[in-house]
Amino acid sequence: MLTRRELALAAAAAGLAGCAPAYTPATFPAVQSRQFPRDFIWGVATSAFQTEGALNVDGRGPSIWDVFPREKIADRSDAAVADDSYHRYREDVALLQGLAAKAYRFSIAWPRVVPAGAGAINQKGVDFYSRLVDAQLEKRITPYATLFHWDLPLALQQQHGGWANRDTARRFAEYANIVATRLGDRVKHFCILNEPSVHVFAGHVLGIHAPGLTDANLIGPVTHHLNLAQGLAIQALRAARSDLTIGTTLAITPSRPAHDGIAPLNEAAAKGFDAVWNGAFLDPLLKGLYPAQARGFIEPQLRAGDMEVIRQPVDFIGANYYAPAYLRFDLMSQAHIAPSDPPPNTARDAFNREIDPAGMWQILKRLREEYGNPSVLITENGCSDPFSDDPAIQDDRFRIDYLRRHLEAVKSAMEAGSRVAGYFHWTLIDNWEWAEGYRSKFGFVSQDRASSLRATKASYSWFKALAMTGRLNEAQA
Ligand code: IFM
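These numbers come from a predicted model, not from an experiment.

What counts as what
- One numbering rule holds for all chains: residues counted from 1, following each sequence as written.
- Under the rules for a predicted model, residues below a pLDDT of 70 receive no local features and side-chain atom pairs below 80 are neither given nor counted, while totals for whole chains, interfaces and linings still include all residues.
- In computing side-chain values, all of the structure's heavy atoms are included and hydrogens and water are not.
- Pairing between strands requires that DSSP locate at least two bridges from one strand to the other.
- The helix count covers DSSP runs of H or I at least four residues long, the strand count covers runs of E at least two residues long, and both are numbered beginning at the N terminus.
- All axes here are fitted lines through C-alpha atoms, helices being fitted over the stretch that makes contact, and every angle between N-to-C directions spans 0 to 180 degrees.
- Any two residues whose heavy atoms approach within 4.5 Å at even a single point are treated as in contact.
- Nine residue types can take part in a nonpolar core, namely buried Ala, Val, Leu, Ile, Met, Phe, Trp, Tyr and Cys, and a core is a set of them joined through side-chain atoms within 4.5 Å.
- Relative accessible area decides the class of each residue, using a 1.4 Å probe on protein chains only: under 20% of the type maximum gives buried, over 50% gives exposed, and in between gives partly exposed.
- By convention in these notes, a residue is near a molecule or strand provided one of its non-hydrogen atoms lies within 4 Å of it.
- Here a polar contact means two N or O atoms within 3.5 Å. Within protein one must be a hydrogen donor candidate and the other an acceptor candidate, and residues neighboring in sequence count only if both atoms are side-chain atoms.
- Note that accessible areas follow from Shrake-Rupley with a 1.4 Å probe, and for residues the cover is restricted to the protein chains shown.
- Residues are grouped as follows: Ala, Val, Leu, Ile, Met, Phe, Trp, Tyr, Cys and Pro are nonpolar; Asp, Glu, Lys and Arg are charged; every other residue, Gly included, is polar.
- Expected span, for any helix, means 1.5 Å times one less than how many residues it has.
- Note that bend, as reported per residue, equals the angle between axes fitted to the 7 residues terminating at that residue and the 7 residues originating from it.
- In the sections that follow, a salt bridge refers to a side-chain nitrogen of Lys or Arg positioned within 4 Å of a carboxyl oxygen of Asp or Glu.

**Q** Help me understand the sheet that holds strand β11 (residues 420–426) in this model?
**A** Strand pairing in a sheet relies on backbone hydrogen bonds, with the paired strands running either antiparallel or parallel. If you walk around this closed barrel you meet the 8 strands as β1-β2-β3-β4-β5-β7-β10-β11, and the pairing is parallel. In this sheet, adjacent strand axes meet at a mean angle of 25° when their direction is disregarded. Bridging between strand β5 (residues 245–251) and strand β7 (residues 316–320) involves 5 bridges; their strand directions are parallel. By the bridge assignment for β7, L250 is matched with A319. Packing of helix α5 (residues 123–138) onto the sheet brings it into contact with β2 (103–107) and β3 (142–148), and relative to β2 it is tilted by some 170°. Contacting β5 and β7, helix α10 (residues 263–286) crosses the sheet at an angle of about 160° to β5.

**Q** What am I meant to see in the nonpolar core here?
**A** Generally speaking, nonpolar side chains in soluble globular proteins are found buried as a group. Judged by nonpolar contacts, the single largest core of 143 residues is most densely connected at Y129 and F172. Apart from the residues lying within four places of it in its own chain, the contact partners of F172 are W110, L147, F148, W163, I192, L193, A229 and A233.

**Q** Looking at this model, I keep getting lost on the site of the ligand. Mind explaining?
**A** Residues in contact with the ligand amount to 13 residues; listed here are only the nearest, Q50, H149, E380, E433 and W434. Here R353 contributes a side-chain N or O atom positioned 3.0 Å from an oxygen atom of the ligand. Between the ligand and W426, the relevant distance is 3.3 Å, taken from an oxygen atom to a side-chain nitrogen or oxygen of the residue. When the ligand is considered free in solution it has 280 Å² of accessible area, and contact with the protein chains removes 100% of it. A class-by-class count of the residues in the shell around the ligand yields 6 nonpolar, 3 polar and 4 charged.

**Q** Can you walk me through the pairing of β5 in this structure?
**A** The two faces of a sheet get side chains in turn, since along a regular strand they alternate between them. Counting buried residues in β5 gives 6 out of 7 residues, a clear majority hidden from the surface. Inspection of the sheet shows strand β4 (residues 189–194) paired to β5 by 4 bridges, in the parallel sense. Residue pairing for β5: C191 is matched across the bridge by G247.

**Q** How should the side chain of S107 be read in this particular structure?
**A** Tracing the sequence through the fold places S107 in strand β2. Discounting chain neighbours no more than four positions away, the residues touching S107 are T46, S47, A48, E52, Y129, T146 and H149.

**Q** How do you make sense of α10 when you look at a structure like this?
**A** In an α-helix, one turn spans 3.6 residues, which is why side chains three or four residues apart end up on the same side. For α10, with 24 residues, the first-to-last C-alpha span of 30 Å runs short of the 34 Å given by 1.5 Å per residue. The largest bend along α10 reaches roughly 60° and is located at G279. Most of α10 sits out of view: 18 of its 24 residues are buried. One or two residues past the end of α10 sits G288, with phi positive at roughly 80°.

**Q** Explain the pattern of salt bridges to me, please; I cannot follow it from the model alone.
**A** Think of it this way: side chains of opposite charge can pair up when their charged atoms draw near. Within this structure, the stated rule accounts for 33 salt bridges. Between R238 and D315 there is a salt bridge; the shortest N-O distance is 3.3 Å. Pair noted here: R238 is in helix α9 (residues 219–240) and D315 is in the loop between α12 (306–310) and β7, with a separation of 77 residues, a long-range link. When the shortest N-O distance is used, the salt bridge between D430 and K457 registers 2.9 Å. In this pair, D430 sits in the loop between β11 and β12 (445–447) while K457 sits in the loop between β13 (454–456) and α15 (458–469), placing the two residues 27 residues apart along the sequence. In terms of burial, D430 and K457 fall into one category: buried. Salt bridges here are not isolated pairs; linked through shared partners, they connect D84, R88, E91, D92 and R454.

Shown next as structure tokens:
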């Protein structure tokens, strides 16, 4: 996910404008019961590049993130060690067990399994994920594997143009087939993509994520090829096995008009942003078409039959929610869309994201009312610690408060009819947060970077009690 400013800059680069969504309510109905269903899935989410380290170990090929300049990372760090999870995965799984997690959403690094993105398979890479999966199953933790969490094999970018090339979609489906045939006997739950809109804008328009490109003309092809890749990968998984539960993970971001300025124009700006950020991924998958405002630049990529491939039945929608985006009309910018501020006095986390549980409720309402009420997993939600090494941060009451309030929003939406099957906290251990490096700390567990020793925070115990009972406690006085 991006900061509010980055989101709005991305929208501006997209060259969009449109007209008029309703203003989002800032509140949601109080929960009637604090008890979640017995079969609710309590889990934790991570990704390969942010945790594994071991970038040059056991035949892994480089990814686009391996060569992303350190100068663009806030603390000039890299992910060469990260959480050292490639070597310490058993400790990670023990932490999950200690947390009473029922499920673990991790990602598989495409370049660890197929180092060049296509062609030879790296058996040692497959073996690593096999061990990781077995370790989870031994502890009765259900693996949820994400196939693409932004770490594209570098060869595909350098030699073939990455996601701007339609062929990358076909290669992704081949990789999906490899994963299904090697791990599908034990991994039954798959998320195909992670937050493709972030990858499109941060990686191809703003240049603040790998592959570091700054070309708004890439929005159309990259968006469409990611959607196509997803459809082909779902087909490949289903062709390989009939017993899989398959979904995808989107950064569903409420797009809100700014409070100052000309209201109808701000609403148009918010709607334009929504079309490229949310609608360009939700609509083709769940409705079989691109949103009207996104068609002009995406549909030139469309070939006969593409939409049938993209509109695959899915077993769940993975929703990542962190914060809403605020947009305003800006006559001076090319797109007439500019970043704006949230309402005055809105609280923020250390990542500078607004803390707004009503946004969680809003996206669930939208999925319920506009997209046929699919089964939903909250595949990410969480907040960052203050940028400090103060040991007092272990007593992370603000995270407990954040989680409680967001889970109230989830429960409230469920009481209104949303089909939410589970919640995955981002994340287990403080890790390498992309352009923020190691400064942002989203974990239930801290790690001493010199020794890689892990220490649980107060939120770890709080979540454990929740996962064991399913009961969301009241705020402490
Ligand atoms: O760390 C990221 C993750 O990779 C994708 N979703 C948002 C998280 C926190 O910013």
